[in-house]
Amino acid sequence: MKALVLALALFQGDDPIQNLRDTDPDVRAAAATIIGRKDMKSAIPHLIELLRMETNAYARSAAKDALERLTGVKGYGEDYKKWKDWWTLEGSKPFPITN
């Protein structure tokens, strides 16, 4: 329930990319979910970075789900290195940093 309330709050106006750095893992997870649902492709490198630093399983899963939704790429799971390599070689071409 807390995650749903956070997601609704984030959807209303806060910057979800900035919220990926929040100290609360529920906020980070909600931000990742909102980013995916809002189709914010400019957040892809931020989501990849979240995978590198995140220790909370729920927030990591939300970042992975958002990356898959935004990119259509499946099979990398929560593997930071695979996503980083994909971004370096392929992702930054079809997904520019701006929306």
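Everything numeric in this text was worked out from a predicted model, so none of it was measured.

Calculation notes
Residues numbered from 1 in each chain as written. Predicted model: local features only at pLDDT ≥ 70, side-chain atom pairs only at ≥ 80, totals over all residues. Heavy atoms only, no water. 1 Å grid on protein atoms, 1.4 Å probe; cavity = no way out; pocket = protein on both sides within 12 Å on 5 of 7 lines; lining within 4 Å. Points joined across faces, edges and corners; volume = space filled by probe spheres on them. Axes fitted to C-alpha atoms, helices over the stretch in contact; angles between N-to-C directions. Helix = DSSP H or I, 4+ residues; strand = E, 2+ residues; numbered from the N terminus. Parallel < 35°, antiparallel > 145°, perpendicular 65-115°, else oblique. Left-handed = near helix turned anticlockwise from the far one by under 90°. Contact = heavy atoms within 4.5 Å. Nonpolar A, V, L, I, M, F, W, Y, C, P; charged D, E, K, R; others polar. Phe/Tyr/Trp six-rings, centres within 6.5 Å; stacked < 30°, edge-to-face > 60°. Buried < 20%, exposed > 50% of the residue type's maximum accessible area, 1.4 Å probe, protein only. Expected span 1.5 Å × (residues − 1). Polar contact = N/O pair within 3.5 Å; in protein donor to acceptor, adjacent residues only side chain to side chain. Salt bridge = Lys/Arg side-chain N within 4 Å of Asp/Glu carboxyl O.

Draft legend 1. The arrangement of the layout of surface pockets in detail. Counted as a void, the largest pocket has a volume near 200 Å³. In terms of lining, the largest pocket is formed by Ile17, Leu20, Arg21, Arg28, His46, Glu49, Leu50, Met53, Glu54 and Thr55.

Draft legend 2. Local environment of the packing of helix 4 (residues 44-53) against helix 5 (residues 57-71). Where helix 4 meets helix 5, the axes come as close as 9 Å, and the angle between the chain directions of the two elements is 150°. Relative to helix 5, the element helix 4 lies roughly antiparallel. Read as a crossing pair, helix 4 and helix 5 show a hand that is left-handed. Contact residues: Ile44, Leu47, Ile48, Leu50 and Leu51 in helix 4; Ala59, Arg60, Ala63, Lys64, Ala66, Leu67, Leu70 and Thr71 in helix 5. Of the residues in the contact of helix 4 with helix 5, the class split is 10 nonpolar, one polar and two charged.

Draft legend 3. The packing of aromatic side chains, seen in detail. Throughout the structure, instances matching the rule amount to three aromatic pairs. A ring pair is formed by Tyr76 and Trp83, whose centres lie 5.2 Å apart and whose planes are at 85°; its orientation type is edge-to-face. With a relative accessible area of 26%, Tyr76 lands in the partly exposed category. Assessed through its relative accessible area of 0%, Trp83 is described here as buried. On the numbers, 6.1 Å between centres and 50° between planes, the contact of Trp86 with Trp87 is tilted. Judged by relative accessible area, Trp86 falls into the buried class, the value being 10%. Classification of Trp87 as buried rests on a relative accessible area of 9%. Here the aromatic residues Tyr76, Trp83, Trp86 and Trp87 are joined through ring pairs into a cluster of three or more.

Draft legend 4. Up close: helix 5. Compared with an ideal rise of 1.5 Å per residue, which puts 15 residues at 21 Å, helix 5 spans 21 Å between its outermost C-alpha atoms and is within 8% of the ideal. Residues of helix 5 that are buried: Ala59, Arg60, Ala62, Ala63, Lys64, Ala66, Leu67, Glu68, Leu70 and Thr71. Next to the buried residues of helix 5 lie helix 3 (25-37), helix 4 and helix 6 (80-91). A distance of 3.0 Å separates the backbone nitrogen of Tyr58 from a side-chain oxygen at the start of helix 5, and that oxygen is part of Asn56.

Draft legend 5. Up close: the pattern of salt bridges. Applying the stated rule across the entire model yields seven salt bridges. Where Lys41 meets Asp39, a salt bridge forms, and the shortest distance between an N and an O atom there is 2.6 Å. A relative accessible area of 26% places Lys41 in the partly exposed class. One salt bridge in this structure joins Glu78 and Arg60, with 3.2 Å as the shortest N-O distance. Here Glu78 is found in the loop between helix 5 and helix 6, whereas its partner Arg60 is found in helix 5, with 18 residues between them in sequence. Salt bridges sharing common partners tie together Lys64, Asp65 and Glu68.

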